[in-house]
Every structure is written in structure tokens, then in C-alpha cells.
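# Summary of structural features
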Amino acid sequence: MRRMQVVLEEWQYEVLRAAAQREGKSVSAVLRQIITSQIRKTSNQDPLLEVAGIAQAPPEKDLCSETIDERLYKA
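What you see is a predicted model; the values in this text were computed from it and never measured. (Residues numbered from 1 in each chain as written. Predicted model: local features only at pLDDT ≥ 70, side-chain atom pairs only at ≥ 80, totals over all residues. Heavy atoms only, no water.)

### Section: the overall build of the chain
- The secondary structure content of the chain amounts to four helices and zero strands.
- Scored against the burial criterion, the 75 residues of the chain give a buried share of 7%.
- Just so you have it, the chain exposes about 7,400 Å², and 55% of that area is on carbon and sulfur atoms. (Helix = DSSP H or I, 4+ residues; strand = E, 2+ residues; numbered from the N terminus. Buried < 20%, exposed > 50% of the residue type's maximum accessible area, 1.4 Å probe, protein only. Areas by Shrake-Rupley, 256 points an atom, 1.4 Å probe, with all protein chains shown as cover.)

Here it is in C-alpha cells:
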């Protein structure tokens, strides 16, 4: 971990302090949890999101059950 100083508005500190007391954690732990949560939201690190749309093919007009054999077995 890296030590740093952060300047907060009084109301921000009070919200963090109340959350820390409620959760039985330190203010620093609550702040780290909030920062981690925000980073995960904005960075799309979810492995499932990385594969989303991988099998999506471009739309084709004649892709239907009547032409499936031709498409699958065409040499």
C-alpha cells in the first residue's frame, strides 16, 4: 500500500466516518473500498464483459432455417 494525504470537504469526511463506524472499519478502509468499486465500474475489468458479443455475427439477409444446410456444409 502507498500512504497519501487527501483533502476532503467536512461533509465528505462525516459520511466516510459514519460509514466506517457502521461497518466496523477504518475510514481508510472505507475509502479504499469506494475507490476500488469506482475503478471496477469504469474499467470494465469483469471477465464476462470481455467476451460479451464474441459470437455475434454481422446480420445476413438469407440466414434462416431454410438455408442452414447450405451454409454449414458448403465447401
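### Regarding the pattern of salt bridges
- Under the criterion given, the structure shown has two salt bridges.
- Notably, a salt bridge pairs Lys-25 with Glu-23, separated by 3.5 Å at the nearest N-O pair. (Salt bridge = Lys/Arg side-chain N within 4 Å of Asp/Glu carboxyl O.)

### Remarks on the environment of Ile-34
- For Ile-34, the location among the structural elements is in helix 2 (residues 27–43).
- Taking the C-alpha atoms as reference points, Ile-34 and Leu-16, separated by 18 residues in sequence, lie 9.8 Å from one another.

### Describing the confidence of the model for the chain
- Across the chain, the average pLDDT comes to 81, with 71% of residues at or above 70.
- When pLDDT is averaged over each element of the chain, helix 1 (residues 10–23) comes out on top at 97 and helix 3 (residues 47–50) at the bottom at 65. (pLDDT = per-residue confidence, 0-100.)

### Observations concerning helix 1
- Given a rise of 1.5 Å per residue, 14 residues ought to cover 20 Å, and the 20 Å separating the end C-alpha atoms of helix 1 matches this to within 8%.
- Those residues of helix 1 that fall on the buried side of the exposure criterion are Leu-16, Ala-19 and Ala-20. Across the axial projection of helix 1, the buried residues extend over an arc of 100°, all falling on one side. Exposed residues pointing more than 90 degrees away from the buried face of helix 1 are listed as Glu-10, Trp-11, Gln-21 and Arg-22.
- Buried residues in helix 1 make contact with helix 2. (Expected span 1.5 Å × (residues − 1). Arc of directions from axis to C-beta. Contact = heavy atoms within 4.5 Å.)

### Concerning a nonpolar patch on the surface
- Taken together, the side chains of Met-4, Val-6, Leu-8 and Tyr-13 present a nonpolar region at the surface, about 380 Å² in accessible area.
- With respect to the secondary-structure elements, Val-6 resides in the segment before helix 1.
- Judged by relative accessible area, which is 44%, Val-6 ranks as partly exposed. (Patch = residues over 30% accessible without salt bridge, like charges linked within 9 Å, V, L, I, M, F, W, Y side chains within 5 Å.)

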